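# A structural walkthrough
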Amino acid sequence: ATRQLADRGWSGMLKVTRLVSGAGVAAAMAWGFVILFAAPTLLRLIYGAQFASYAPSARLFALSIIVYACGVGPMITLTATRRVRPLFIMQLARLVLAIAAVSLLAETYGATGAAAADLLTSVATTIAILILQSRVRRSLDEAPASPTQTSLKGRMVKNAKFLLALSPPSSSQPSSNG
């Protein structure tokens, strides 16, 4: 994503983050649909009949994973644009919200309440990440290139080139073991 941002700008980075998000959401949905439709059977087969009653919790956790997967691309965007401080603060807020939600909902609804708290936390976090990504995009689109931004772009290009130099050669290149 950093390389695409340096080479092709915002649109190049968005292509990468959308691809990663799409793959993550597709994988989460595939797994999630299995859990949504087969939770009681899976719990009974894997853990025994006494755990089939936890199917609603499993379904809520599956939905939570799907929702949270939608935020992976924007997290990459925030990291690639070096906006890790807001991302860190948002994760701390997620922790506080999760503790409060689990404390309240698990007390009242048990395991299903804990799963509902996780879903609530995932929805809130994903919305926050999307808002942060939107703000980053607007700040990059609206602001004229300052010397700091120019030097930041130069550093990002330099870092991308350094990381590419460290990466192993692709398999399409002939080997020297000939």
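All values reported here derive from a predicted model rather than from experimental measurement. (Residues numbered from 1 in each chain as written. Predicted model: local features only at pLDDT ≥ 70, side-chain atom pairs only at ≥ 80, totals over all residues. Heavy atoms only, no water.)

What follows covers the overall build of the chain. In terms of helices and strands, the chain carries 5 helices and 0 strands. Reading the secondary structure of the chain in the N-to-C direction produces α-α-α-α-α. Taking as baseline every contact in the chain between residues at least 6 positions apart, the subset at least 24 positions apart corresponds to 71%. Looking at the chain as shown, the accessible area adds up to about 11200 Å², and 67% of this sits on carbon and sulfur atoms. (Helix = DSSP H or I, 4+ residues; strand = E, 2+ residues; numbered from the N terminus. Contact = heavy atoms within 4.5 Å. Areas by Shrake-Rupley, 256 points an atom, 1.4 Å probe, with all protein chains shown as cover.)

Moving on, we come to helix H3 (residues 72-80). Three or more residues of H3 are buried, namely Gly73, Pro74, Met75, Thr77, Leu78 and Ala80. Following H3 by one or two positions, arginine 82 has its phi on the positive side, about 60°. (Buried < 20%, exposed > 50% of the residue type's maximum accessible area, 1.4 Å probe, protein only.)

Listed in full, the 7 residues of the largest apolar core are Met75, Leu78, Leu87, Met90, Ile129, Leu132 and Val136. Counting residues per element, the ones that place at least two in this core are H3 and helix H4 (84-142). Among the elements that make up this core, the one with the highest residue count is H4 (5 residues). Counting 6 residues, the second largest nonpolar core, distinct from the first, contains Ile35, Leu43, Ala58 and Ala62. (Core = buried A, V, L, I, M, F, W, Y, C linked by side-chain atoms within 4.5 Å.)

Our focus in this paragraph is the packing of aromatic side chains. Given two aromatic rings, one states the distance between the centres and the angle between the planes to describe the pair. In the structure shown here, the tally under the stated rule is 3 aromatic pairs. Plain terms: the ring middles of tyrosine 47 and phenylalanine 51 are 5.7 Å apart, the flat faces sit at 50° to each other, and that makes the pair tilted. For phenylalanine 51, a relative accessible area of 33% gives the class partly exposed. A centroid spacing of 6.0 Å and a plane angle of 40° characterise the contact between phenylalanine 51 and tyrosine 54, whose relative ring orientation is tilted. An aromatic cluster is present here, built from Tyr47, Phe51 and Tyr54 joined pairwise through their rings. Stacked on the ring of tyrosine 68, the Lys or Arg arginine 94 has its end atom at 4.4 Å from the ring centre. (Phe/Tyr/Trp six-rings, centres within 6.5 Å; stacked < 30°, edge-to-face > 60°. Lys NZ or Arg CZ within 6 Å of the ring centre and 35° of its normal.)

So, about the side chain of threonine 125. You can see threonine 125 is positioned in helix H4. Classification of threonine 125 by relative accessible area gives buried; the value is 3%. The residues touching threonine 125, leaving out its near neighbours within four places in the chain, are Tyr68, Met90 and Arg94.

Among the secondary structure elements, tyrosine 68 is positioned in helix H2 (residues 55-69). Each C-alpha atom of the pair tyrosine 68 and alanine 124 lies 9.4 Å from the other, and the pair is 56 residues apart in sequence. The residues touching tyrosine 68, leaving out its near neighbours within four places in the chain, are Met75, Gln91, Arg94, Ser122, Thr125 and Thr126.

Moving on, we get to a nonpolar patch on the surface. Side chains of Leu45, Ile46, Tyr47, Phe51 and Tyr54 sit close together on the surface and give an oily, nonpolar patch of about 570 Å² of accessible area. Inspection of the secondary structure assignment puts isoleucine 46 in helix H1 (residues 2-47). Taking the relative accessible area as the measure of exposure, isoleucine 46 reaches 57% and is therefore exposed. (Patch = residues over 30% accessible without salt bridge, like charges linked within 9 Å, V, L, I, M, F, W, Y side chains within 5 Å. Salt bridge = Lys/Arg side-chain N within 4 Å of Asp/Glu carboxyl O.)

The end-to-end C-alpha separation of H2 is 21 Å, in line with the 21 Å expected for 15 residues at 1.5 Å each. All of the buried residues in H2 are Ala55, Ser57, Ala58, Ala62, Ser64, Ile66 and Ala69. (Expected span 1.5 Å × (residues − 1).)

What follows covers the side chain of serine 122. Mapped onto the elements of the fold, serine 122 is located in helix H4. Ignoring any residue separated from it by four or fewer positions in sequence, one finds serine 122 in contact with Ser64, Val67, Tyr68 and Arg94.

The next point concerns the confidence of the model for the chain. Taken residue by residue, the chain gives an average pLDDT of 81. The fraction at 70 or more is 74%. Confidence, read as mean pLDDT per element, is least for helix H5 (residues 147-166) in the chain (65) and greatest for H2 (92). (pLDDT = per-residue confidence, 0-100.)

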